[in-house]
Amino acid sequence: MSVVPTKSNLMATKKSLDLSGVGYELLDRKRNILIREMMSLISKASQIQEKIDSTYASAYIALQRAQTVLGVCEPLAQSIPVEDGLRLSFRSVMGVELPTVTLDETDIGIPFGLSTSDSLLDDAYLKFVEVKKLTVELAEVENSVYRLADAIGRTQKRANALKNILIPKFEAEVKEITEALEEKEREEFSRMKVIKMQKK
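Fair warning: this is a prediction, and the values are worked out from it, not measured in the lab.

Caption draft 1: Region of the structure containing the overall build of the protein chain. Secondary structure assignment for the protein chain yields three helices and two strands. When the helices and strands of the protein chain are listed from N to C terminus, the series reads α-α-β-β-α. The buried share among the 200 residues of the protein chain stands at 27%. In the protein chain, the proportion of contacts linking residues at least 24 apart, taken out of those at least 6 apart, comes to 79%. When the accessible surface of the protein chain is split by element, carbon and sulfur atoms take 57% of a total near 13600 Å².

Caption draft 2: Looking closely at the packing of aromatic side chains. With the rule as written, the count across this model stands at three aromatic pairs. Seen from their ring centres, Tyr56 and Tyr60 are 5.8 Å apart, and the 10 degrees between their planes marks the pair as stacked. Placement of the pair is Tyr56 and Tyr60 together in helix H1 (residues 7-70), with a separation of four residues, close to one helical turn. For Tyr56, a relative accessible area of 33% translates into the label partly exposed. With a relative accessible area of 45%, Tyr60 lands in the partly exposed category. Ring centres 5.3 Å apart and planes at 85 degrees place the aromatic pair Tyr60 and Phe128 in the edge-to-face group. With Tyr60 in helix H1 and Phe128 in helix H3 (residues 119-199), this pair connects stretches of sequence that are 68 residues apart. Judged by relative accessible area, Phe128 falls into the partly exposed class, the value being 26%. Pairwise contacts between aromatic rings join Tyr56, Tyr60 and Phe128 into one cluster.

Caption draft 3: Expanded view of the pattern of salt bridges. One pass over the full model with this rule turns up nine salt bridges. Between Arg91 and Glu37 there is a salt bridge; the shortest N-O distance is 3.4 Å. Highlighted residues: Arg91 in strand E1 (residues 86-93) and Glu37 in helix H1, separated in sequence by 54 residues. The partly exposed category is assigned to Arg91, whose relative accessible area is 33%. With relative accessibility at 22%, the residue Glu37 sits in the partly exposed group. Taking the shortest distance from any N to any O, the salt bridge between Glu188 and Arg191 comes out at 2.7 Å. Note that Glu188 and Arg191 are positioned in helix H3 at a spacing of three residues, about one turn of the helix. Residue classification places Glu188 among the partly exposed residues on the basis of a relative accessible area of 37%. Taking relative accessible area as the criterion, Arg191 reaches 45% and is therefore assigned partly exposed.

Caption draft 4: Molecular detail of the pairing of strand E2 (residues 96-103). In this sheet, E2 lies alongside E1 in antiparallel orientation, the contact comprising eight bridges. Looking at E2, one finds that Val93 is bridged to Val96. Where E1 folds back on E2, the antiparallel hairpin that results is connected by two residues, among which Met94 adopts a positive phi of roughly 50 degrees.

Caption draft 5: Quick look at the nonpolar core. In terms of nonpolar packing, the biggest core is built from 16 residues, with Leu34, Ile48, Val96, Val141 and Leu148 touching the most fellow members. Listed by contribution, the elements that provide at least two residues to this core are H1, E2 and H3. Listed in part, the eight residues of the second largest apolar core include Val3, Leu17, Ile177 and Leu181.

Caption draft 6: Molecular detail of H3. When the terminal C-alpha atoms of H3 are compared, their 116 Å separation across 81 residues agrees well with the 120 Å that a helix rising 1.5 Å per residue should span. The sharpest bend along H3 measures roughly 35 degrees and falls at Leu162.

What counts and what doesn't
- Residues numbered from 1 in each chain as written.
- Predicted model: local features only at pLDDT ≥ 70, side-chain atom pairs only at ≥ 80, totals over all residues.
- Heavy atoms only, no water.
- Helix = DSSP H or I, 4+ residues; strand = E, 2+ residues; numbered from the N terminus.
- Buried < 20%, exposed > 50% of the residue type's maximum accessible area, 1.4 Å probe, protein only.
- Contact = heavy atoms within 4.5 Å.
- Areas by Shrake-Rupley, 256 points an atom, 1.4 Å probe, with all protein chains shown as cover.
- Phe/Tyr/Trp six-rings, centres within 6.5 Å; stacked < 30°, edge-to-face > 60°.
- Salt bridge = Lys/Arg side-chain N within 4 Å of Asp/Glu carboxyl O.
- Pairing = 2+ DSSP bridges.
- Core = buried A, V, L, I, M, F, W, Y, C linked by side-chain atoms within 4.5 Å.
- Expected span 1.5 Å × (residues − 1).
- Bend = angle between axes of the 7 residues up to and from the residue.

And the structure:
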């Protein structure tokens, strides 16, 4: 026996067993909440990806039409400003830091002059702006899914360690100590009976 069979050790082991049980329940709840959050984000990512695919397709068709009318649009593309409005912050879900990616809403309008472009190019530009916004949203969701999956894996390992290692260990120790104390009590009772009989 690894633990000395005393009443104080029995109480301490029972307390450890109770705490392990509570810990397992909390980890199990945490895992379930994280799984629900991840599943909703996976569904959202799928919807965003579909929107990106359809918006990209229509944006390229619009760009092809513009090039058919205007010729090569590369010089006009150079006039589009570089995007530097991405902002990153974090929110916590059950102790897991999930990113919140935002894109500054700067209303710069269409950067082409009326004399050099037409509505076809404007349409293509607006569609690509929409793709950019959707891509930012998708990056946030996919990164969140990755972080949640990692946290779920770690939580599952801890829950399994409690359920399969610690809780059975404490249960076995409680049983051993209880049996040893009961045996001691029986021995003590028998000894006292013998002493009583000898006194008579």
